[in-house]
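# Coordinate inspection notes
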Amino acid sequence: MSTLSYLLQTSVPLLWLVIAVVGATIRTRHSPSREAKLATWQRWWATAALGCGSLWMTISFLTIPDVMATAIGFNRSPFLFEIAFANLGLAAMAFRAASPKASARERITVGLGAGMFLWGAVIGHLYQWFANGDHAAGNTGGVLIYDLLIPAVMIGLAVASRRREGQVDGGAAREVRVDGQPATSGLGTAAGYVKA
């Protein structure tokens, strides 16, 4: 494989990162606030980077498993089918995290879930690289950057959003009332006080 061909193949996963960054950058040019900008970045990262990237992996592993196995440097096995559906699960979580109704806590959870799978994949790729000399385009390079950054950035953006929420209201508890009475039902707090 030529160097140019290798670079092109190993860079394919990075396309989703580029789409997320470019989309969020364009969309936030005229954001009214830092909170709005942060929310837009979270939705773009969840949708394009994690959601579309994972959906692309699902479709690829289901429709062209031989190509994907060769790209990774593995033999075809039932493992490829399992990877397809693991990625489908990541895509479903990502699209939920992209919802404007998703909380920062929910996005942190999605980022952690994605991290468990993708960071585990990084360990597997590195092991195959160093233990077995697997230098295939789908085992080294772009996939390592993708698998490391997707969850890390998602978690980082959600943590920043959660901190901003605390700064906006000063982190103080506030009383929530329903029909003039403290609302305790369903809020998980005593006496109707919630931490915003």
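As the structure is a computational prediction, the values presented were derived from the model and not from experiment.

## Some points on the side chain of N139
Here N139 lies in the loop between α6 (104-132) and α7 (142-168). Within the local environment of N139, its side chain forms a polar contact with the backbone oxygen of D134, the two atoms lying 3.0 Å apart. Sequence-distant contacts of N139, that is, excluding residues within four places in its chain, are made with A71, I72, H125, Q128, W129, D134 and L144.

## With respect to the nonpolar core
When a protein is soluble and globular, its nonpolar side chains tend to lie buried together. Core analysis: the biggest nonpolar cluster contains 20 residues, and L17, W45, A49, L50, L118, I150 and M154 have the highest contact counts within it. Breaking this core down by element, the ones donating at least two residues are α2 (14-27), α3 (34-63), α5 (79-97), α6 and α7. For this core, the element with the most residues is α3, which contributes 6 residues. Once residues lying within four places of it in the same chain are set aside, the contact partners of I150 are L17, W45, A49, L50 and L118.

## Quick notes on α2
Between its terminal C-alpha atoms α2 stretches 20 Å, which fits the 20 Å expected from 14 residues at 1.5 Å a residue. The complete set of buried residues in α2 reads W16, L17, A20, G23 and A24. Along the long axis of α2, the arc covered by the buried residues comes to 140 degrees, so they all point the same way.

## What about the packing of α5 against α6?
Where α5 contacts α6, the two axes come as close as 9 Å, and the packing angle between them is 165 degrees. As judged from the angle between their axes, α5 and α6 are roughly antiparallel. In terms of crossing hand, the pair formed by α5 and α6 is left-handed. Contact residues: α5 offers I83, A86, N87, L90, M93, A94, R96 and A97, while α6 offers E106, R107, V110, G113, A114, F117 and L118. When the residues that make up the contact of α5 with α6 are grouped by side-chain class, the tally is 10 nonpolar, 2 polar and 3 charged.

## With respect to the UniProt feature "transmembrane region" (unreviewed entry) in the protein chain
Per the UniProt record, the feature "transmembrane region" (unreviewed entry) sits at residues 6-24, 44-64, 79-98, 110-131 and 143-160. End C-alpha atoms of residues 79-98 are separated by 29 Å, and the span's content is 95% helix alongside 0% strand. Spanning residues 110-131, this segment combines 100% helix with 0% strand, and its end C-alpha atoms are found 31 Å apart.

## Focus on the layout of surface pockets
Any space left empty among the atoms is revealed by the rolling of a water-sized probe across them. Size it by volume and the largest pocket reaches roughly 600 Å³. Lining the largest pocket are 30 residues, with M57, F61, I72, G138 and V143 sitting closest to its centre. Among the elements of the structure, α1 (3-11), α3, α4 (65-72), α5, α6 and α7 are those that each provide at least two residues to the lining of the largest pocket. For the lining of the largest pocket, the element with the most residues is α6, which contributes 7 residues. Split into classes, the residues belonging to the lining of the largest pocket amount to 19 nonpolar, 10 polar and 1 charged.

## Description of the environment of F81
Mapping F81 onto the fold places it in helix α5. A C-alpha to C-alpha distance of 6.6 Å links F81 and F61, two positions 20 residues apart in sequence.

## Section: the side chain of S161
Inspection of the secondary structure puts S161 in helix α7. A distance of 3.4 Å separates polar atoms of two side chains, one belonging to S161 and the other to Q42.

## Examining the pattern of salt bridges
Within the structure shown, the criterion is met by 3 salt bridges. In this structure, R76 engages D66 in a salt bridge whose closest nitrogen and oxygen atoms are separated by 3.3 Å. Taken as a pair, R76 in the loop between α4 and α5 and D66 in helix α4 lie far apart in primary sequence, 10 residues in all. You can call R76 exposed: its relative accessible area is 55%. The exposure class of D66 is partly exposed, given its relative accessible area of 45%.

## Details of the packing of α3 against α4
At a minimum axis distance of 5 Å, the contact between α3 and α4 shows a crossing angle of 110 degrees. Taken together, the axis directions place α3 and α4 in an arrangement best described as roughly perpendicular. Seen from α3, the contacting residues are M57, S60, F61, L62 and T63; seen from α4, they are P65, M68 and I72. A class-by-class count of the residues in the contact of α3 with α4 yields 6 nonpolar, 2 polar and no charged.

Criteria and cut-off values
Residues numbered from 1 in each chain as written. Predicted model: local features only at pLDDT ≥ 70, side-chain atom pairs only at ≥ 80, totals over all residues. Heavy atoms only, no water. Helix = DSSP H or I, 4+ residues; strand = E, 2+ residues; numbered from the N terminus. Polar contact = N/O pair within 3.5 Å; in protein donor to acceptor, adjacent residues only side chain to side chain. Contact = heavy atoms within 4.5 Å. Core = buried A, V, L, I, M, F, W, Y, C linked by side-chain atoms within 4.5 Å. Buried < 20%, exposed > 50% of the residue type's maximum accessible area, 1.4 Å probe, protein only. Expected span 1.5 Å × (residues − 1). Arc of directions from axis to C-beta. Axes fitted to C-alpha atoms, helices over the stretch in contact; angles between N-to-C directions. Parallel < 35°, antiparallel > 145°, perpendicular 65-115°, else oblique. Left-handed = near helix turned anticlockwise from the far one by under 90°. Nonpolar A, V, L, I, M, F, W, Y, C, P; charged D, E, K, R; others polar. UniProt positions renumbered as here; feature names shortened; annotations may be inferred. 1 Å grid on protein atoms, 1.4 Å probe; cavity = no way out; pocket = protein on both sides within 12 Å on 5 of 7 lines; lining within 4 Å. Points joined across faces, edges and corners; volume = space filled by probe spheres on them. Salt bridge = Lys/Arg side-chain N within 4 Å of Asp/Glu carboxyl O.

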